[in-house]
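Architecture and fold: a report
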Amino acid sequence: MKMASVAIRRAVTADADKLAEVQSAAYGALTENWVSLTDWPKRFQEPGAFTYLAEDESPFGYVSSGDPDEDYFRDGETGEIMGLALRPDYWGFGDGQKLLVHGLSVLKRRGFEHAIIWIPALSPVAIGLSEKLKFSRLESSRVSNFGEVEIMEFCYKLALGRYF
């Protein structure tokens, strides 16, 4: 249940289990047989990767941002929203937008001119959110394997200079 007071703070290694729970709940609501595959302790060791956790009485969402995973986007000007997830019972209250904007501001502060995000095709809410924030869908797509599940993802891009 959504609480009135929400905090967004930098996630720490001790939050790894909480982040995995949020990710499993969010993606599990989109597809069966979801297996959480993010190696959170490893993510905390990645240079230039930043993860923020949203919580009220307990953690319910996160955003991770950093250098792009795909070589094609590693141009020194493009950062990536590497992950964005909310527990399903928090969908529709604006917290996903708050987290995404927070991740984008981290990329902007790091000097990136553009941001990309890969969004699962089966997530119309996330696609709608990215379009609301003026992301443009690129022609790039990929199929990602998450355990037994293959998910088509589309790439969206935002010019940060016009946004902030």
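Presented here is an overview of the structure given in this document. (Residues numbered from 1 in each chain as written. Predicted model: local features only at pLDDT ≥ 70, side-chain atom pairs only at ≥ 80, totals over all residues. Heavy atoms only, no water.)

Observations regarding unusual backbone geometry
- One non-glycine residue with positive phi stands out, namely lysine 134, at about 75 degrees.
- You can see lysine 134 is positioned in the loop between α4 (124–132) and β6 (136–146). (Helix = DSSP H or I, 4+ residues; strand = E, 2+ residues; numbered from the N terminus.)

Let's talk about the pattern of salt bridges
- Tallied over the entire structure, the rule returns ten salt bridges.
- Across the salt bridge formed by aspartate 15 and arginine 9, the nearest N and O atoms sit 2.8 Å from each other.
- Taking relative accessible area as the criterion, arginine 9 reaches 26% and is therefore assigned partly exposed.
- Linking glutamate 46 and arginine 43 is a salt bridge whose minimum nitrogen-to-oxygen distance equals 3.7 Å.
- Connected through salt bridges with shared partners, the residues Arg9, Asp15, Lys18 and Glu55 form a single ionic network. (Salt bridge = Lys/Arg side-chain N within 4 Å of Asp/Glu carboxyl O. Buried < 20%, exposed > 50% of the residue type's maximum accessible area, 1.4 Å probe, protein only.)

Concerning the side chain of threonine 51
- Tracing the sequence through the fold places threonine 51 in strand β2 (residues 50–55).
- Only 2.7 Å separates the side chain of threonine 51 from the side chain of serine 64, close enough to count as a polar contact.
- In this structure threonine 51 touches Arg9, Arg10, Ala11, Leu19, Trp40, Arg43, Phe44, Tyr62, Val63 and Ser64, once residues within four positions along its chain are discounted. (Polar contact = N/O pair within 3.5 Å; in protein donor to acceptor, adjacent residues only side chain to side chain. Contact = heavy atoms within 4.5 Å.)

Some words on helix α1 (residues 16–28)
- Taking 1.5 Å as the rise per residue, α1 with 13 residues should run 18 Å; its terminal C-alpha atoms sit 18 Å apart, in good agreement.
- All of the buried residues in α1 are Ala16, Leu19, Val22, Gln23, Ala26 and Tyr27. The buried residues of α1 occupy an angular sector of 125 degrees when the element is viewed end-on, so they sit on one face. (Expected span 1.5 Å × (residues − 1). Arc of directions from axis to C-beta.)

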